[in-house]
Amino acid sequence: MPILLFLIDTSASMNQRTDLGTSYLDIAKGAVELFLKLRARDPASRGDRYMLVTYDEPPYCIKAGWKENHATFMSELKNLQASGLTTLGQALRSSFDLLNLNRLISGIDNYGQGRNPFFLEPSILITITDGNKLTSTAGVQEELHLPLNSPLPGSELTKEPFRWDQRLFALVLRLPGVASTEPEQLGSVPTDESAITQMCEVTGGRSYCVRTQRMLNQCLESLVQKVQSGVVINFEKTGPDPLPIGEDGLMDSSRPSNSFAAQPWHSCHKLIYVRPNSKTGVPVGHWPIPESFWPDQNLPSLPPRTSHPVVRFSCVDCEPMVIDKLPFDKYELEPSPLTQYILERKSPHTCWQVFVTSSGKYNELGYPFGYLKASTTLTCVNLFVMPYNYPVLLPLLDDLFKVHKLKPNLKWRQAFDSYLKTLPPYYLLPLKKALRMMGAPNLISDNLDCGLSYSVISYLKKLSQQTKLESERILASVGKKPPQEIGIKVKNHSGGGMSLTHNKNFRKLLKEITGETALRLTELNTKEFAGFQIGLLNKDLKPQTYRNAYDIPRRGLLDQLTRMRSNLLKTHKFIVGQDEDSLHSVPVAQMGNYQEYLKTLASPLREIDPDQPKRLHTFGNPFKQDKKGMMIDEADEFVAGPQNKVKRPGEPNSPMSSKRRRNATVIHDGHEEKMENGQITPDGFLSKSAPSELINMTGDLMPPNQLDSLSDDFTSLGKDGLIQKPGSNAFVGGAKNCNLSVDDQKDPVASTLGIMPNTLQITPAMAQGINADIKHQLMKEVRKFGRKYERIFILLEEVQGPLEMKKQFVEFTIKEAARFKRRVLIQYLEKVLEKIDSHHLLKNINHINSRSSC
C-alpha cells in the first residue's frame, strides 16, 4: 500500500503571482488535485494513503497523517495559507519522522538481522516549493540542513532521517510573473538548481524545474509513473572493469579497458522493484540482504546503518547457479547507466556476483549473496538474492540430493558445518525454512541464536514501547492549530529587577514626553541619557494608518505613543483599531435585520428645499423604484419619508365619480352635514379643526396623500348606526373597497366607525365568533410588511358590538402594531381612537341636550 506524502511550501513567498494572476500556493493546490486524478486511473491506487505536511512548526505542521481520511486531507489542502519562513529542513525532518512513526513497532527495519526488501512501506514524498532562499529564525541558509535531533525514539539507529523505501521528489515552481514572448521549449523537464535537488538525488528521487503549466502537467504525469513498490540500493563496482565485448559478442582482450577512469555505471543509486504476489497482493521473499557488520554477543549496542545498503558487484563473469526447489528472490533494477552497460554486453548467460563489505566474519569484502544478470530477452537486468555464500552451499545441497540421497556422511556434515560458520546468524532461520521446503533432513539445530546480545535485544524492546507513546502523542496533535502569539516578547536587559533608572521616574518621563504634563528639561539626567534627544509631541502630525508597529519611522515613535495608548486602552470612544474587521463581520442570521440598524441612525435633518421630491432610500439598489404594488419594508419608507403617489389602475377618472365622493352626505341625529374635501361641520366626526396632515414621529409633516393606502370609501353614519352609501338611499352593511384618487385627501377614520344595521339579527354568540375571527385576521394583517392598511381598517369596520367594543379592538391593534414597530400604522390608529372618543363624547352631549329639551 503506497504512502503519498505531500509537503507544501506555506512560506510567505508562495503568495507571489504568476502571469495568470494565480499565486504559487494555488498552483500547488491544483497540482495535488491533478496528481490524485491521474493516480486514480490505476486500479492499484485504491490502497493509497495520503498525508499532508506544511512548513509550520512541529507538530502543527502535520495536517493529515495516519488516521485522517481522504476527505480530511482535501479539506486541509483547501484551507492552506501561505505565511512564515521557508523552513524546508525542519519540514522534511517532520515528514520523514511521520513516515517512520510505526516502523520500530512493526519491526519492518529489522535492525541487526539483515535487510528484507519484501518488508517495506513504499513511500513517495512530493514537495512543492518556489525554490527561494531557505530562511529560519537564525537567518538565511545557503545549504539545506536537516535537524539532527528527532523526537522519535530509535532514530539514532539509522544515519539518515529517511529509509530505503522512501523517495523524495520536488516540484520547484519557476513560473514567471510576466508572460514570456519566447516559444516554449519541448522535451524533458530539467532538474532544478536549488538546494533540494541534492536531497532528492540522495533518496533516489529527483527534482523538476517547472517554468510553465504544460511542464507542470508533464511532471505530474511522470510522478504518477514513479509510484512503484521498491527499495533503493547503492550499487558500487569493485575490482577491475570487464574486458570489452567485440562485435562478434566475444571478449576482445586486445582492446584496452579503462579501469581507472570513473564511469557512470561504476556507481548507481537506483531502485529495485519489489513486486507484490499475484495471489496475496503483498511481496513475498526468502533471503535478506546482509548487514555491513558481523553480529556478536559482545556488542553493547548496534552500529548505525546507512539508509541504503551499499552493494558491491564484481565484473568477473560467472555462471549463474541455481538448483531445483531452492527458493531465491528476483528483483528487477530500475533503468540506469549500470543496466544499460550490462544490456549492451549482450551476455544473458553470465552474471556478476554482489557483496556487502564487512558482512562476513573472516573476509573483509564478505561472501557473495547473489548476482546481477541480464534477462534472456535482454530487456532488463535482475538482481538474484540467494543464500549467503551460495557458491559453497549450492554444491553441498546438490550432493545431498543427488549423491547422498538425503543421507549425508560425516565428511559432508563437516563441510556443511564449516559453511555454517561463515554464515551470519540471521541467515540460519531462513535457511532452515528453505531446507524444510526442499524436503531435506533437519540439519540445523532448533536452538537458533540471532547473534545479538541481551542488552541489545532489551534496548530494542524498550524503544518499541517508547515509540508507541510518542506515536500516540504525535497523532493526537494532528489537525490542531498552533497557539496564537499574544504579543511581542521583550527581554529585560536592565540587569536587575529595577526598570530604567526607577520605575516612577520613567513613568513621569513618559508623561512629559507624551504631553500629559509639562516638560521640565532641567530635571532630566543628561548623563544617563547621553546621545539621546527627546522628541517633543508634534501637534500638527496627522494620524497614520500603520498596520505594523515596525513600519513607524524612528523619528515618529514618540509622536505615535499617545495614539497607540489610546487604541490599546480604548480611552476615546471614536478611536478604534486601524484594521478592525469586527465592524464588517455580521453573522448570516443577522444580515437581514435592517430594523435594528435603523435604530442606531440619527434623526434625519430637515430638507433644504421642501418642494423638491425626497430621494428614495434604495438600500443597496440604486435602480429601485417606488412601486406601491410591491411588498417593501415599512421601516424603509418611514425613514425615507413620503413618496410621490403613482396613480393605480382601475381608479375612476370621471369628474362625476370624484365629485360624488367629495360631496357625501352625512346624516347624524337628524342633521344633514356636507363633507367637502375631507371636512365636515363641527357636529360631525371630522372637525374642521382637525389637521389635514399627520405629523410623523420624527417631526416631519406627512402629506395627506399617504392616506391613499387606507380605506378610502367614506360613508355617512345615520342616527342608528346604519351605513349609507354616498349617492344612494339604500342602507348596506359592511364596508366597500374603493380607491382614492390623488386629489382625495380623506381621513380614514370615518370608515372605521360603521356599525352593522339593525335589520340583521345577530345573536351575541354570533357576534362573539365574528369578533374572534376579526381579531385573528388583524394579527395576521399587522405582521405583513408594507403599508397596505386597507384590510386592517375594513376589519375594524366589521367589528360587532357597541362603540366601546370597537375602541377595544383599535387599542388591541395598536398594541400589535407596536410589537412589530409599525409606526405609521400606530399614528393612523391613534387618530381613529381620538375620533371614537370625540364621537362618544359628542353623542353623550347630544343625548343630554335632547333630554333637557324634552
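Cut-off values and rules
Residues numbered from 1 in each chain as written. Predicted model: local features only at pLDDT ≥ 70, side-chain atom pairs only at ≥ 80, totals over all residues. Heavy atoms only, no water. Helix = DSSP H or I, 4+ residues; strand = E, 2+ residues; numbered from the N terminus. Contact = heavy atoms within 4.5 Å. Areas by Shrake-Rupley, 256 points an atom, 1.4 Å probe, with all protein chains shown as cover. Phe/Tyr/Trp six-rings, centres within 6.5 Å; stacked < 30°, edge-to-face > 60°. Buried < 20%, exposed > 50% of the residue type's maximum accessible area, 1.4 Å probe, protein only. Lys NZ or Arg CZ within 6 Å of the ring centre and 35° of its normal. Expected span 1.5 Å × (residues − 1). Pairing = 2+ DSSP bridges. Axes fitted to C-alpha atoms, helices over the stretch in contact; angles between N-to-C directions. Core = buried A, V, L, I, M, F, W, Y, C linked by side-chain atoms within 4.5 Å. Salt bridge = Lys/Arg side-chain N within 4 Å of Asp/Glu carboxyl O. Parallel < 35°, antiparallel > 145°, perpendicular 65-115°, else oblique. Left-handed = near helix turned anticlockwise from the far one by under 90°. Nonpolar A, V, L, I, M, F, W, Y, C, P; charged D, E, K, R; others polar. Polar contact = N/O pair within 3.5 Å; in protein donor to acceptor, adjacent residues only side chain to side chain.

### Describing the overall build of the protein chain
Item 1. A tally of regular secondary structure across the protein chain gives 20 helices and 22 strands.
Item 2. Look at the contacts in the protein chain between residues 6 or more apart in sequence, and 74% of them connect residues 24 or more apart.
Item 3. Only carbon and sulfur atoms are counted for the fraction: they give 54% of the accessible area of the protein chain, which is about 48500 Å².

### Side note on the packing of aromatic side chains
Item 1. Across all of its chains, the model carries 19 aromatic pairs by this definition.
Item 2. Their ring planes at 40° and their centres at 5.5 Å tell us that Tyr388 and Tyr427 sit as a pair that is tilted. Of this pair, Tyr388 sits in the loop between strand S15 (381-385) and helix H8 (390-402) while Tyr427 is found in the loop between helix H9 (410-421) and helix H10 (428-438), placing the two residues 39 residues apart along the sequence.
Item 3. Measuring from ring centre to ring centre gives 6.3 Å for Phe416 and Tyr419, while their planes differ by 40°; the resulting arrangement is tilted. Of the two residues, Phe416 and Tyr419 both sit in helix H9, three residues apart, roughly one turn of that helix. The two residues Phe416 and Tyr419 agree in class, both being buried.
Item 4. Taken together, the aromatic side chains of Phe6, Phe35, Tyr50 and Phe73 make up a single cluster linked through ring pairs.
Item 5. Across from the ring centre of Tyr208, 4.1 Å away, lies the NZ or CZ of Arg206, which sits over that ring.
Item 6. The ring of Phe812 carries Lys775 above its face, with NZ or CZ at 4.7 Å from the centroid.

### Quick notes on H8
Item 1. Taking 1.5 Å of rise per residue, 13 residues should cover 18 Å, and H8 covers 18 Å from first to last C-alpha, within 8% of that figure.
Item 2. Of the surrounding elements, those touching the buried residues of H8 are strand S13 (351-355), strand S14 (370-374), H9 and H10.

### Details of the sheet that holds S13
Item 1. Overall, mixed pairing links the seven strands, which are arranged S9-S10-S12-S15-S14-S13-S11 in a closed barrel. Within the sheet, the average angular offset between the axes of one strand and its neighbour, ignoring direction, is 35°.
Item 2. Judged from the five bridges that link them, strand S9 (residues 230-238) and strand S11 (residues 310-314) form a sheet pairing that is parallel. Looking at S11, one finds that Lys237 is bridged to Phe313.

### Remarks on the nonpolar core
Item 1. Residues Phe235, Phe416 and Leu431 are the most contacted members of the largest nonpolar core, which totals 57 residues.
Item 2. Element by element, the count of residues in this core is highest for H8, at six residues.
Item 3. The contact partners of Phe416, leaving out residues within four places of it in the chain, are Leu393, Leu396, Leu431, Leu435, Leu443 and Ile444.
Item 4. Counting 38 residues, the second largest nonpolar core, distinct from the first, contains Ile8, Tyr24, Val189 and Met215.

### Some thoughts on the pairing of S11
Item 1. Bridge count between S11 and S13: two bridges; the pairing is antiparallel. The residue of S13 that forms the bridge with Arg312 is Phe355.

### So, the sheet that holds strand S1 (residues 3-8)
Item 1. Taken in spatial order, the six strands line up as S3-S2-S1-S4-S7-S8 in an open sheet, and their pairing is mixed. Of all the strands in the sheet, just strand S3 (62-64) and strand S8 (207-210) have a single pairing partner and so form its edges. The average angle at which neighbouring strand axes cross in this sheet is 20°, direction not considered.
Item 2. Direction of pairing for S1 relative to strand S4 (residues 123-129): parallel, over a ladder of six bridges. Residue pairing in the sheet places Leu5 in a bridge with Leu125 of S4.
Item 3. Relative to the sheet, helix H6 (residues 213-226) contacts S4, strand S7 (166-173) and S8, its axis offset from that of S8 by approximately 165°.

### Observations regarding the pattern of salt bridges
Where charged atoms from two side chains of opposite charge come close, those side chains can pair.
Item 1. In this structure the tally under the stated criterion is 19 salt bridges.
Item 2. Here Arg39 ties to Asp48 by a salt bridge, and the two come within 2.6 Å at their closest N and O atoms. The same class applies to Arg39 as to Asp48, namely buried.
Item 3. Residues Lys807 and Asp837 are paired through a salt bridge, measuring 3.2 Å at the closest nitrogen-oxygen approach. Here the residue Lys807 occupies a position in helix H19 (residues 803-819), and Asp837 occupies one in helix H20 (residues 823-853), the gap between them amounting to 30 residues.

### Let's talk about the environment of Val224
Item 1. Checked against the element boundaries, Val224 lands in helix H6.
Item 2. Counting along the chain gives 189 residues from Val224 to Phe35, while the straight-line C-alpha distance between them is 7.1 Å.

### Re the packing of helix H17 (residues 764-783) against H19
The angle between the axes and the distance between the axes are what describe a pair of packed helices.
Item 1. Across the interface, H17 lies against H19 with an axial gap of 10 Å and an inter-helix angle of 25°. In terms of axis orientation, H17 runs roughly parallel to H19. Handedness of the H17/H19 crossing: right-handed. Residues Asn771, Ile774, Lys775, Leu778, Met779 and Val782 of H17 touch H19, and the partners they reach there are Met805, Phe809, Phe812, Thr813, Glu816 and Ala817.
Item 2. The residue makeup of the contact of H17 with H19, split by class, is eight nonpolar, two polar and two charged.

### With respect to the packing of H8 against H9
Item 1. At a minimum axis separation of 10 Å, H8 and H9 run at an interaxial angle of 155°. The angle between H8 and H9 falls in the class roughly antiparallel. Considering the relative orientation of H8 and H9, their crossing is left-handed. Here Val392, Leu393, Leu396, Asp399 and Leu400 of H8 come into contact with H9, specifically with Trp412, Ala415, Phe416 and Tyr419.
Item 2. Residues belonging to the contact of H8 with H9 are distributed by class as follows: eight nonpolar, no polar and one charged.

### Digging into the pairing of S15
Item 1. With five of its five residues buried, S15 lies for the most part within the structure.
Item 2. Alternating residues of S15 divide into Val381, Leu383 and Val385 and Asn382 and Phe384, and every residue in both groups is buried.
Item 3. One ladder, built from four bridges, connects strand S12 (residues 329-333) with S15; its direction is antiparallel. Within S15, the residue paired with Asp329 across the bridge is Val385.
Item 4. Relative to S15, S14 runs antiparallel, the two being bridged by five bridges.

### Brief notes about the environment of Val227
Item 1. With respect to the element layout, Val227 can be found in the loop between H6 and S9.
Item 2. Taking the C-alpha atoms as reference, Val227 lies 6.8 Å from Ile124; in sequence the two are 103 residues apart.

### Observations regarding the environment of Ile3
Item 1. Structurally, Ile3 is set in strand S1.
Item 2. Classification of Ile3 by relative accessible area gives buried; the value is 2%.
Item 3. Placed 224 residues apart in sequence, Ile3 and Val227 show a C-alpha to C-alpha distance of 9.1 Å.
Item 4. Ignoring anything within four residues of it in the chain, the contact list for Ile3 reads Arg49, Met51, Trp66, Leu99, Glu121, Pro122, Ser123 and Ile124.

### Some details on unusual backbone geometry
Item 1. The omega torsion of the bond from Pro58 to Pro59 falls at 5°, within 30 degrees of zero and hence cis.
Item 2. With respect to the element layout, Pro59 can be found in the loop between strand S2 (49-53) and S3.
Item 3. Phi is positive for Asn389, close to 55°, though the residue is something other than glycine.
Item 4. Among the secondary structure elements, Asn389 is positioned in the loop between S15 and H8.

### So, the side chain of Ser45
Item 1. Along the polypeptide, Ser45 turns up in the loop between helix H1 (24-39) and S2.
Item 2. Separated by 3.3 Å, the side chain of Ser45 and the backbone oxygen of Arg39 make a polar contact.
Item 3. Engagement of the side chain of Ser45 in a polar contact is seen with the backbone oxygen of Asp42, the distance being 2.7 Å.
Item 4. Contact partners of Ser45, with chain neighbours within four places excluded, come to Arg39 and Ala40.

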